[in-house]
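# Topology and contacts: notes
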Amino acid sequence: MAGATTTELFHPRGERLKVSPLRGSTFSAAPQPRMGRFAFLRSGQNADVQRKRMVLLVEDEQSIAEPLAEAIGREGFETKVAGTVAESLALAAQIEPDLVLLDVMLPDGSGFDVCRELRQRSQVPIIMLTARGEEADRVIGLELGADDYVVKPFSAREVVARIRAVLRRTEASPGLDEAKPIEIGELRLDPAKRQATKDGEVLELSRKEFELLQLLMQNAGSVVTREQAFEDVWDTNWFGSTKTLDVHVSGLRRKLGDDSSEPRFLHTVRGVGFRFASPDEL
């Protein structure tokens, strides 16, 4: 194919595989000037240049970290790399990244520990990078508060697409009506504070759990289809597992104290979606 570029796939063993992109697609813009290992442009260098969004890449394999960081940099992001649990937590506190790409397997611990610690201190978007294909590992990451996951081998183009999709969702500003507190029974959800309480006790919800609960409570009494949930809470072009929604619904039920066999708040409409109880039903 004339003029076609190639995309690098990053393999769990650190191998870099070349594959051709789909017709009409491109991989990267022209390379940026390099400063050391990676290209960094701080907003203070030019007042007229808008600050690049910062991505913290936590990956210990240099054969993956270096080319992936460079590819992300070519797409307009500033990238910092950490190779251990300790380094990643220290760097995250220092630079306050806009998004974290987090490998599960690290030399001094687990990426799950990093995810848990980051979620306790902030709502920074997190995308897990893992060589593990087991569903249980993906579920653990999502329940700890990760926003998405990518299973190796993956292409840099896919990672960049997921970064942009997650940032679109997390940076979207709610409208005036969406910012009003919602009260149903003993539950109260305050979008402005991003806080949900039950009987006055704060519920510890992940980012996606909160957004899903907000969507359901805003439509209390009506069915929210699975398609609508993916479009509103994840992304119109979501291409991850559809089981992600079921995992988050299960997590919400557990934290609400709801029984799936006889739910009080969150009802399943089989083959369609979910319905949150209206105030009149409680």
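Right, let's walk through the structure included here.

Cut-off values and rules
- Position labels on residues start from 1 in each chain and follow its written sequence.
- With the structure being a predicted model, the display of local features is reserved for residues of pLDDT at least 70 and the display and counting of side-chain atom pairs for 80 or more, all residues being used for whole-chain, interface and lining totals.
- Heavy atoms throughout the structure, all of them, feed into the side-chain values; hydrogens and water do not.
- Strand pairing requires that DSSP identify at least two bridges connecting the strands.
- Per the convention used, a helix needs a DSSP run of H or I reaching at least four residues, while a strand needs a run of E reaching at least two, with both numbered from the N terminus.
- Whether two residues are in contact is decided by their heavy atoms: any pair within 4.5 Å suffices.
- Angles shown run from 0 to 180 degrees and are taken between the N-to-C directions of axes, each axis being a line fitted to C-alpha atoms and, for helices, limited to the stretch in contact.
- Residue count minus one, scaled by 1.5 Å, sets the expected span of a helix.
- Residue exposure (1.4 Å probe, protein chains only): buried if accessible area is under 20% of the type maximum, exposed if over 50%, otherwise partly exposed.
- When a carboxyl oxygen of Asp or Glu is within 4 Å of a side-chain nitrogen of Lys or Arg, the pair counts as a salt bridge.
- Roughly parallel means an angle under 35 degrees; roughly antiparallel, over 145; roughly perpendicular, 65 to 115; everything else is oblique.
- Put simply, a crossing is left-handed when the front helix is turned counterclockwise from the back one by less than a right angle, and right-handed when it is turned clockwise.
- Polar here means any residue outside two lists: the nonpolar Ala, Val, Leu, Ile, Met, Phe, Trp, Tyr, Cys and Pro, and the charged Asp, Glu, Lys and Arg; Gly therefore counts as polar.
- For the purposes of these results, a polar contact is taken to be a pair of N or O atoms within 3.5 Å, where, inside protein, one atom must be able to donate a hydrogen and its partner to accept one; residues adjacent in sequence count only when each atom of the pair is a side-chain atom.

### Some words on the sheet that holds strand 14 (residues 201–202)
- Strand order in the open sheet made by the four strands is 11-12-13-14, with antiparallel pairing throughout. In this open sheet, the two strands that pair with only one neighbour each are strand 11 (182–184) and strand 14.
- Of the strand pairs in this sheet, strand 13 (residues 195–198) and strand 14 are connected by two bridges, and their pairing is antiparallel. Residue pairing across strands places lysine 198 opposite glutamate 201, the latter belonging to strand 14.
- Contacts from helix 6 (residues 207–218) reach strand 11, strand 12 (187–190) and strand 13 within the one sheet, and its direction differs from that of strand 12 by about 110 degrees.

### Remarks on helix 1 (residues 62–74)
- Between its first and last C-alpha atoms helix 1 spans 18 Å; for 13 residues at 1.5 Å apiece the expected length is 18 Å, and the two agree.
- Considered for burial, the residues of helix 1 that qualify are Ile64, Ala65, Pro67, Leu68, Ala69, Ala71, Ile72 and Gly73.
- After helix 1 finishes, the residue glycine 76 shows a positive phi value of roughly 100 degrees.

### Things to note about the environment of threonine 244
- Relative to the helices and strands, threonine 244 is located in helix 8 (residues 243–256).
- When its relative accessible area of 2% is taken as the criterion, threonine 244 is described as buried.
- In this structure the C-alpha to C-alpha distance between threonine 244 and phenylalanine 230, which are 14 residues apart in sequence, comes to 9.3 Å.

### A few points about unusual backbone geometry
- The omega angle of the peptide bond from lysine 152 to proline 153 is 0 degrees, so this bond is cis rather than trans.
- Positionally, proline 153 belongs in the loop between strand 9 (148–151) and strand 10 (154–155).
- With phi around 50 degrees, glutamate 96 is a residue other than glycine that occupies positive phi space.
- Summarising the element assignment, glutamate 96 is placed in the loop between helix 2 (85–95) and strand 5 (99–103).

### Some points on the sheet that holds strand 17 (residues 273–276)
- Within the open sheet, the three strands sit side by side as 15-17-16. Their pairing is antiparallel. With one partner strand each, in any of the chains shown, strand 15 (223–225) and strand 16 (266–269) form the two edges of the open sheet. Sheet twist, expressed as the mean angle between neighbouring strand axes with direction ignored, is 30 degrees.
- The pairing of strand 16 with strand 17 spans four bridges and is classified as antiparallel. Across the sheet, residue leucine 266 finds its bridge partner in strand 17, namely phenylalanine 276.
- Along the sheet face, helix 7 (residues 226–234) touches strand 15 and strand 17 and points at about 70 degrees away from the line of strand 15.

### A few points about the pairing of strand 17
- Relative to strand 17, strand 15 runs antiparallel, the two sharing three bridges. Bridge assignment links valine 223 to a residue of strand 17, and that residue is arginine 275.

### So, the pattern of salt bridges
- Scanning the entire structure with this criterion turns up 18 salt bridges.
- With a closest N to O distance of 2.6 Å, arginine 264 and glutamate 186 form a salt bridge. Separated by 78 residues along the polypeptide, arginine 264 in the loop between helix 8 and strand 16 and glutamate 186 in the loop between strand 11 and strand 12 bring together distant segments of the chain.
- Of the residues examined, arginine 264 reaches a relative accessible area of 38% and is grouped as partly exposed.

### Observations concerning the packing of helix 1 against helix 5 (residues 156–171)
- The interhelical angle for the contact between helix 1 and helix 5, taken along N-to-C directions, is 55 degrees, at an axis separation of 10 Å. Classified by the angle between their axes, helix 1 and helix 5 sit oblique to one another. Taken as a pair, helix 1 and helix 5 cross one another with a handedness that is right-handed. Within the contact between the two elements, helix 1 uses Leu68, Ala71 and Ile72 and helix 5 uses Ala156, Val159, Val160 and Ile163.
- Taken together, the residues of the contact of helix 1 with helix 5 break down into seven nonpolar, no polar and no charged.

### Considerations on the packing of helix 6 against helix 8
- The interhelical angle for the contact between helix 6 and helix 8, taken along N-to-C directions, is 80 degrees, at an axis separation of 10 Å. Taken together, the axes of helix 6 and helix 8 are roughly perpendicular relative to one another. Facing helix 6, whose interface residues are Lys208, Glu209, Leu212, Leu213 and Leu216, helix 8 presents Leu245, His248, Val249, Gly251, Leu252, Lys255 and Leu256.

### Describing the side chain of serine 110
- As for its placement among the helices and strands, serine 110 is situated in strand 7 (residues 109–110).
- Residues in contact with serine 110, not counting those within four places in the same chain, are Val85 and Val104.

### Considerations on helix 2
- Taken as a whole, helix 2 has its buried residues at Val85, Ser88, Leu89, Leu91, Ala92 and Ile95.
- Check the buried side of helix 2 and you find it contacts strand 3 (54–58), strand 4 (78–82), strand 6 (105–106), strand 7 and helix 3 (111–121).
- The N-terminus of helix 2 is capped by threonine 84, whose side-chain oxygen sits 3.0 Å from the backbone nitrogen of glutamate 87.
- Looking one or two residues past helix 2, glutamate 96 carries a phi angle of roughly 50 degrees, positive in sign.

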